[in-house]
Amino acid sequence: MVDINKLVDTKSSTQSKEVFWDQEVYDREIKNIFGRSWLFLTHECMLEKKGDFITTKMAEDSVIVTRHTDGSLKAFVNSCTHRGNSICTADSGNTKSFVCNYHGWVFSTDGKLVDVPLREKCYHDELDRDSLSLKTIRVESYRGFVFGCFDETAPSLEDFLGDWGWYLDTWMVGAGEGAELVGPPMKSILKCNWKVPTENFVGDGYHVGWTHASALHVLGGELGGLAGNQAEMPFDELGIQVTTRHGHGFGVIDNAAIAIHAKRDEYAKYMEETIPKVAENLGEPRAKLFNGHWNCSTFPNCSFLYGTNIFKVWHPRGPHEIEVWSWVIVHKDMSDEGKREVVKQAARSFGTAGTLESDDGDNMVQSTQVNRGSYTREGAMNSTMGQGYEGEHPDYPGIVGSSFIGETSYRGFYRFYQEMMSADSWDDIRANDEHWADCFPNKNYWKDRIAAKAAEAEGE
Ligand code: FES
Ligand SMILES: [Fe+2]
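Residues numbered from 1 in each chain as written. Chains lettered and ligands numbered in written order. Predicted model: local features only at pLDDT ≥ 70, side-chain atom pairs only at ≥ 80, totals over all residues. Heavy atoms only, no water.

### Digging into the coordination of the iron ion (ligand 2)
Donor atoms from the polypeptide that bind the iron ion (ligand 2) are His-207 (NE2), His-212 (NE2), Asp-360 (OD) and Asp-360 (OD), placed at 2.1 to 2.6 Å. Of note is the iron ion (ligand 2), whose 4 donor atoms meet at the metal with angles of 54 to 142° in an arrangement that counts as irregular. The sequence pattern describing where the donors of the iron ion (ligand 2) fall on their chain is H-x4-H-x147-D. Highlighted residues: His-207 in helix H5 (residues 206-211) and Asp-360 in helix H10 (residues 357-369), separated in sequence by 153 residues. The buried category is assigned to His-207, whose relative accessible area is 12%. (Donors = N, O, S within 2.8 Å, 3.2 Å for Na, K, Ca; no water. Tetrahedral: all angles 85-135°; square planar, octahedral: opposite > 155°, others 65-115°. Helix = DSSP H or I, 4+ residues; strand = E, 2+ residues; numbered from the N terminus. Buried < 20%, exposed > 50% of the residue type's maximum accessible area, 1.4 Å probe, protein only.)

### A word on the nonpolar core
Counting residues in each nonpolar core, the largest one holds 113 residues, and the members touching the most others are Trp-171, Trp-294, Phe-304, Phe-311 and Tyr-417. With residues up to four places along the chain from it excluded, the contact list for Trp-171 reads Phe-145, Gly-178, Ala-179, Phe-290, Trp-294, Phe-304, Tyr-306, Phe-311, Ile-329 and His-331. Ranked by size, the runner-up nonpolar core spans 14 residues in total, among them Phe-76, Cys-80, Phe-107 and Leu-134. (Core = buried A, V, L, I, M, F, W, Y, C linked by side-chain atoms within 4.5 Å. Contact = heavy atoms within 4.5 Å.)

### Thoughts on the sheet that holds strand E1 (residues 8-9)
The sheet built from 3 strands is open, its strands ordered E1-E2-E20 with antiparallel pairing. What marks the edges here is a single partner per strand, and that holds for E1 and strand E20 (380-382). Pairing of strand E2 (residues 14-16) with E20, which is carried by 3 bridges, proceeds in the antiparallel orientation. Among the inter-strand pairings, Gln-15 is bridged to a residue of E20, identified as Met-381. (Pairing = 2+ DSSP bridges.)

### As for the packing of helix H1 (residues 23-34) against helix H12 (residues 408-422)
Where H1 contacts H12, the axes come no closer than 9 Å and their chain directions differ by 85°. Judged by the inter-axis angle, H1 sits roughly perpendicular to H12. Contacts from Val-25, Arg-28, Glu-29, Asn-32 and Ile-33 of H1 reach H12 at Tyr-417, Met-420, Met-421 and Ser-422. By residue class, the composition of the contact of H1 with H12 is 5 nonpolar, 2 polar and 2 charged. (Axes fitted to C-alpha atoms, helices over the stretch in contact; angles between N-to-C directions. Parallel < 35°, antiparallel > 145°, perpendicular 65-115°, else oblique. Nonpolar A, V, L, I, M, F, W, Y, C, P; charged D, E, K, R; others polar.)

### Some details on the environment of Ala-268
Structurally, the position occupied by Ala-268 is in helix H7 (residues 265-282). Sequence separation between Ala-268 and Gly-338 is 70 residues, and the spatial gap between their C-alpha atoms is 9.3 Å.

### Focus: the pattern of salt bridges
Here the structure, examined in full by the defined rule, presents 26 salt bridges. Measuring nitrogen to oxygen at the nearest pair gives 3.9 Å for the salt bridge that ties Arg-119 to Asp-115. Classification of Arg-119 by relative accessible area gives partly exposed; the value is 21%. Given the relative accessible area of 36%, Asp-115 is considered partly exposed. The partner of Arg-119 in a salt bridge is Glu-120, and the shortest N-O contact between them spans 3.8 Å. Since its relative accessible area comes to 52%, Glu-120 is described here as exposed. One network of salt bridges, in which partners are shared, links Lys-57, Lys-191, Arg-317, Glu-321 and Glu-323. (Salt bridge = Lys/Arg side-chain N within 4 Å of Asp/Glu carboxyl O.)

### Regarding the environment of Gly-283
Turning to its location among the elements, Gly-283 is positioned in the loop between H7 and helix H8 (284-290). In this structure Gly-283 comes out as partly exposed when scored by relative accessible area, which is 23%. Along the sequence, Gly-283 and Asp-254 sit 29 residues apart, while their C-alpha atoms lie 16 Å from each other.

### Digging into helix H4 (residues 195-203)
Counting buried residues along H4, 9 of its 9 residues qualify, which places the element largely inside the surrounding structure. Of all the positions in H4, only Lys-195, Val-196, Pro-197, Thr-198, Glu-199, Asn-200, Phe-201, Val-202 and Gly-203 are classed as buried.

### Side note on the sheet that holds strand E13 (residues 179-190)
The sheet built from 9 strands is open, its strands ordered E13-E19-E18-E17-E16-E15-E14-E22-E21 with antiparallel pairing. A strand with exactly one partner marks an edge of an open sheet, and here the two such strands are E13 and strand E21 (390-391). Here H4 sits on the sheet and contacts strand E14 (239-243), strand E15 (249-253), strand E16 (293-298), strand E17 (302-306), strand E18 (310-316) and strand E19 (322-331); the angle it forms with E16, its principal contact strand, is near 140°.

### Quick word on the packing of H7 against helix H9 (residues 336-350)
Remark: H7 packs on H9, axes separated minimally by 8 Å, with the N-to-C direction vectors making an angle of 115°. For the pair H7 and H9, the crossing hand works out as left-handed. Residue-level inspection shows Asp-265, Glu-266 and Tyr-267 of H7 in contact with H9, the latter providing Glu-337, Gly-338, Glu-341 and Val-342. Taken together, the residues of the contact of H7 with H9 break down into 2 nonpolar, 1 polar and 4 charged. (Left-handed = near helix turned anticlockwise from the far one by under 90°.)

### Remarks on the packing of aromatic side chains
For the coordinates displayed, the defined rule picks out 37 aromatic pairs. On the numbers, 6.2 Å between centres and 40° between planes, the contact of Trp-164 with Tyr-167 is tilted. With Trp-164 and Tyr-167 both in helix H3 (residues 163-172) and 3 residues apart, the pair spans about one turn of that helix. We classify Trp-164 as buried; its relative accessible area is 0%. Taken together, a centroid distance of 5.8 Å and an interplanar angle of 15° make the contact between Phe-304 and Phe-311 stacked. Grouping residues by exposure puts Phe-304 and Phe-311 together as buried. (Phe/Tyr/Trp six-rings, centres within 6.5 Å; stacked < 30°, edge-to-face > 60°.)

### Considerations on the pairing of strand E12 (residues 145-149)
Of all 5 residues in E12, 5 are buried; the element is thus mostly enclosed. Of the two faces of E12, both are covered, the one formed by Phe-145, Phe-147 and Cys-149 as well as the one formed by Val-146 and Gly-148. Where strand E3 (residues 39-43) lies against E12, 4 bridges are found, and the strand directions are antiparallel. Bridge pairing in E12 links Thr-42 to Val-146. With 5 bridges connecting them, strand E11 (residues 136-142) and E12 associate as antiparallel partners. Across the sheet, Tyr-142 pairs through a bridge with Phe-145, a residue of E12. Counted along the chain from E11 to the antiparallel partner E12, the turn is 2 residues long, and its residue Arg-143 has a positive phi close to 50°.

Without other data, these values stay purely geometric and don't point to any function.
Printed below as a string of structure tokens:
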């Protein structure tokens, strides 16, 4: 029996290997994490007109998201209230209603049952249609990015994002126009636990130089120096890592936003013109982030690379498999040519046949499947890199780590993971709002470091 309350040790910064393997752990994740968190659904640009819809997943549940006739967003479970058949098998489209293929029940774009065949003749007009709407799901949008939540007691999407929203605004607002996603998403199956890619995106600057050495050699440029972890680099000066209250986090490499793009004339021009506008709109700290390359995860299972601009959801399919969906982020105010260039470059590096992404597949799969061995599975995984070299920062909210190569964001992700896994409800989680960062005890890390730097500069 796995002890759910001991999966993560926030003191020693270790996690039980069972988190990648055990069915009971997975079942609890479905209930406590996917049942309670805001999960990414789509972008509003794919639901512009009344009647537009997309189908997607929330963990293993199939859902339909629509732009209803009154202009509002709606989301509901894609399963008929008659005998449970899935109602819509299209990826996207525009419709007045959804008709179940089995016996023909008809649902409107807000999930209400509006008609059934033979209602008078065979149901004798006694069917209570009002009680047979599709199961509805909370749906909210942040800067056009649409999320759904099964839990009525969960905080608003904005509160769930918390400080992470401040960071997201860097490019979701940017100079003012913001960003959108280009679909349809690429989709593929990978035989790994959903947390392996999530943790990789949230906080793994470490693997880049090793796993992606050959791709970096070929690319050269700003990131070429990372290949093989050979170069003498002042890692503490090249970026930071961040984690936040609800497990969202990222690492940033300064001045490297578009470094993965082999062809980038339009994007480079766009960045040059836009960075000063971002500074004006959002201030210097975020203008600096705007020009950095980010690896990120929005808790629990939505990851993206800002700069490279791939945007992914890792839909779990049991503890040992995921379905990966990938879109491309583009700034709305880019030229059409610039957008096309970004889409090509993002897909080339991090699409299904991505020159970097395909390096990672084996790491994801093997880190999961190795746990088939019961002796292997005993024991813990380590995420202690840079522990203690992190704390509150004067410019950046959340907990900020000293370098983009470190495991601050791993620690923050698994800290919240454990909190959700052991909490009985959102009230339990809210009760911890003031104390969540206690496991990052070096409160004065940045104060001391900045003071030391200033003293050093004065001495020179
Ligand atoms: S199962 Fe949908 S109409 Fe019967
Ligand atoms: Fe990678």
